[in-house]
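# A closer look at the structure
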Amino acid sequence: MANDSKTWRCGKYELSFDRPRIMGVLNVTPDSFSDGGEHFDPDAAIEYGLAMLDAGADIIDVGGESTRPGFTPVNPDEEARRVLPVVRALAKEGAIVSIDTRHVAVAKAAVRCGASIVNDVTGFTDPKMVEFVKTSTCGVIVMHAGEVAAPARTHATVQLDTSAAAFVAEKAREAAAEAAREAEKPARRRRGKLLGEPKPEAKLPGGVVQPSLPFGDPEPATEPASEQETPAAEQAAAAETVAPAPEATEAASEPNDRLAAMMRRSARREEAYVPTSQLRRFTLPDSAPIMRRVMGFLSDQARALIHAGVSRDRICIDPGPGFGKTANEDIVIQRETAKMASLGYPLMCAVSRKRFVGAVSGVTESAARDAATFGVCLGAIQAGANIVRVHDVTGFAQFLNGYWAVAKPQPRRAFVAVGSNLGHRCDNIRAARDMIAEIPLTCVSNCSRIYESEPAYETRQDAFANAVIEIKTELAPLVLLDELMKIEAELGRDRSKKAKVNGPRTIDLDLLWMDGETHGGKKLRLPHPLIGERDFVLVPLEDLMHDPARFFRYNGVEVKEPEDRVGHIVGELGRM
């Protein structure tokens, strides 16, 4: 189950995990594997991002470069052009925005525009990306992208010959080979280094060694010693065979293009796979070597970030399903979710519509894999995953709310502001209180007194009666909000377009705050963004808690001084 002792600090936000958190996927690309092109237009992307927030997403993950198998890398300038308007608009609406990028320039620009999380598909193996997040306060997602199978080894047939002649001949061959190697050494030097020397590993501040990218062994390639040594016909044939397309030429200049090569290899393995008659003893490969590579990389990178200066509570890990892994390997990794959760970092489950989900469900079309995705996500949540990254936020939010209501009793405290200035004001407030108490999985635990206040915002109207009700609920915030709006409608609240936004109303119910919840969007903002300026809310709250101004300031809400607030309390109308 989600571990409520974990928290994830992402800039000005802090996410708790008493409930699994939903990350909505927003691909601002023309070629993503399941929804490519649908949200390529910035306005369409912004609208869809807001719709996901209103459907139940806690985080919106915005990406401008597809990393599907066989993808073409995108220039950082083009990627920034795609994502920055979307990031800026969603952050303005109070959303927790994650930028899905492997380019440090894009990450920097997105954080300046309001992104709170950097989701790096290459796992912060770029020292420049580490240097940036070290100086920021954003949350970070360390993802493993690479092959997890051990490289195949070929073994030559060995025949033993114990004769003396064979021994002498072997010694002669060894001596000749050593002499040939000594003769070749001067020619093999280039720029002061031997061609075969390994590239030194990058070092981070503090002497921490930065591991190389986890993309498996590079594809074998042969290179002639010089162009003159290659016959002209062979040069022409090679040029015709390997001449890159314009897109590939641009991609080759991009950093981290080993990711593209690794994903191309992954696609080729999937396409070239042909079942054989070779018998296997087990249905899945041994989990130990796979998990050593995945968990070793994730824990090493997390420690490297911590040594570089990134606080532990900013780090989330993701095993990277589908990135260089076969269906069997992905299943092995998902079955070991509990082990990854035991590392102590918030754990991401990002399996939405992936190929292995289609393999186990028999669904070929990626966009039709949502139901199977939910099943895999449920298994991950039960084993300790904290964040679920999905395309279908609406469907998964319903799925999760239904499951959580039965599987996890979890009453949480919330405050609801109640106001009325039409009809019998106090009777309207008491009727709303009784109806709130009838909401499923909800009870009223305390009520403030009823106060009279000056009208706020729209001053040419009658004075208001106001109160605050403290409740305990097991409903998700958006589900609770829907129930409150039903009560408003039943008591005669006019929410049509002809009604003034802050004009007279029989009843007004505002969800002010909910334990452990931060939310953005058009439909609901938590904490309520106007708490700090409303005297008719803060004064009734003093009946329910000690120093509400201090409480909300601690929760990141700006609270104004009494003389600077709106809707001042002018009297008391009695008890609830």
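See the structure above.
Read on for a plain summary of the structure. Numbering of residues starts from 1 in every chain and runs along the sequence as written. The predicted origin of the model limits local features to residues at a pLDDT of at least 70 and limits the giving and counting of side-chain atom pairs to 80 or more, whereas totals for whole chains, interfaces and linings rest on all residues. Side-chain metrics in this entry use all non-hydrogen atoms of the structure; hydrogen atoms and water are not considered.

## A look at the nonpolar core
Val-62 and Val-118 are the most contacted members of the largest nonpolar core, which has 78 residues in total. With 9 residues, the single largest contributor to this core is helix 9 (residues 287–308). Contacts are assigned to residue pairs with any non-hydrogen atoms lying within 4.5 Å of each other. Those residues in contact with Val-62 that sit more than four places away from it in its chain are Leu-26, Val-28, Val-83, Val-86, Val-87, Leu-90, Val-97, Ser-98, Ile-99 and Asp-100. Ranked by size, the runner-up nonpolar core spans 27 residues in total, among them Ala-414, Ile-439, Ala-465 and Leu-509. What we call a nonpolar core is a set of buried Ala, Val, Leu, Ile, Met, Phe, Trp, Tyr and Cys residues that are connected through their side-chain atoms within 4.5 Å. Relative accessibility thresholds used throughout: buried, under 20% of the residue-type maximum; exposed, over 50%; partly exposed, between the two (1.4 Å probe, protein chains only). To qualify as a helix, a DSSP run of H or I must reach at least 4 residues; to qualify as a strand, a run of E must reach at least 2; elements of each kind are numbered from the N terminus.

## Some details on empty space enclosed by the protein
As defined here, a cavity is a set of points on a 1 Å grid over the protein atoms alone where a 1.4 Å probe fits but cannot get out. A pocket is an open set with protein on both sides within 12 Å along at least five of seven lines, and residues line them when an atom is within 4 Å of a point. Grid points are joined across faces, edges and corners, and a volume is the space filled by probe spheres set on the points. In the structure shown here, the tally under the stated rule is 3 cavities of 30 Å³ or more. In this structure, the largest cavity encloses a volume near 50 Å³. Polarity classes work like this: nonpolar for Ala, Val, Leu, Ile, Met, Phe, Trp, Tyr, Cys and Pro, charged for Asp, Glu, Lys and Arg, and polar for all others, with Gly in that last group. Of the residues contributing to the lining of the largest cavity, the split by class is 1 nonpolar, 2 polar and 3 charged.

## Looking at the side chain of Thr-101
When you line up the elements, Thr-101 lands in the loop between strand 5 (96–100) and helix 3 (104–112). Setting aside its immediate chain neighbours within four residues, Thr-101 contacts Glu-79, Val-106, Ala-107, Asn-119, Asp-120, Val-121 and Met-129.

## What to know about unusual backbone geometry
For residues that are not glycine, phi is negative in most cases, and the peptide bond is trans in most cases. Along the chain, Leu-526 connects to Pro-527 via a cis peptide bond; the corresponding omega equals -10°. With respect to the helices and strands, Pro-527 occurs in the loop between strand 17 (508–514) and helix 17 (535–541). The backbone phi angle of Phe-124 is positive, close to 60°, even though this residue is not glycine. With respect to the helices and strands, the residue Phe-124 is situated in the loop between strand 6 (117–120) and helix 4 (127–134). Phe-124 gets classed as buried once you look at its relative accessible area, which sits at 1%.

## Description of helix 16 (residues 477–490)
Taking 1.5 Å as the rise per residue, helix 16 with 14 residues should run 20 Å; its terminal C-alpha atoms sit 20 Å apart, in good agreement. Among all positions in helix 16, only Pro-477, Leu-478, Leu-480, Leu-481, Glu-483, Leu-484, Ile-487 and Glu-488 are buried. Summarising the contacts, the buried residues of helix 16 are in contact with helix 1 (42–55), strand 13 (412–420), helix 15 (425–436), strand 14 (442–447), strand 16 (464–473) and strand 17. In the segment just after helix 16, Gly-492 is the residue with positive phi, at about 95°. Multiplying one less than the number of residues by 1.5 Å gives the expected span of a helix.

## Some details on the sheet that holds strand 11 (residues 348–349)
Reading across from one edge, 10-7-6-5-4-3-12-11 is the order of the 8 strands in this open sheet, with parallel pairing throughout. Taken across any chain shown, the strands that pair with only one partner, and hence form the sheet edges, are strand 10 (315–318) and strand 11. Set on the sheet, helix 9 makes contact with strand 7 (139–143) and strand 10; between it and strand 7 the angle comes to about 150°. Any two strands with at least two DSSP bridges between them are considered paired. In this analysis an axis means a line fitted to C-alpha atoms, helices contributing only their contacting stretch, and an angle means the value between N-to-C directions, from 0 to 180 degrees.

## Notes on the packing of helix 3 against helix 4
Any two packed helices are characterised by the angle at which their axes cross and by the distance between the axes. Between helix 3 and helix 4, the least distance of the axes is 9 Å, while the angle of their chain directions is 20°. On the basis of their axis angle, the class for helix 3 and helix 4 is roughly parallel. Crossing geometry of helix 3 relative to helix 4 is assigned as right-handed. Along its contact with helix 3, which presents Val-104, Ala-107, Lys-108 and Val-111, the element helix 4 presents Lys-128, Met-129 and Phe-132. Tallied by class, the residues present in the contact of helix 3 with helix 4 amount to 5 nonpolar, no polar and 2 charged. Roughly parallel covers angles under 35 degrees, roughly antiparallel covers those over 145, roughly perpendicular covers 65 to 115, and oblique covers all other angles. For a crossing to be left-handed, the near helix must be turned anticlockwise from the far one by less than a right angle; the clockwise case is right-handed.

## Some remarks on the pattern of salt bridges
It is possible for side chains of opposite charge to pair when their charged atoms get near one another. Between Lys or Arg on one side and Asp or Glu on the other, a salt bridge is scored when a side-chain nitrogen of the former is within 4 Å of a carboxyl oxygen of the latter. Counted by the stated rule, this structure contains 32 salt bridges. When the shortest N-O distance is used, the salt bridge between Lys-339 and Glu-336 registers 3.4 Å. Given a relative accessible area of 42%, Lys-339 falls into the partly exposed group. With a relative accessible area of 15%, Glu-336 lands in the buried category. As a salt-bridge pair, Glu-452 and Arg-425 come within 3.1 Å of each other at their nearest N and O atoms. Placement of Glu-452 in strand 15 (residues 450–453) and of Arg-425 in helix 15 is noted, with a sequence separation of 27 residues between them. In this structure, a network of salt bridges that share partners links the residues Asp-18, Arg-21, Asp-58, Arg-412 and Glu-517.

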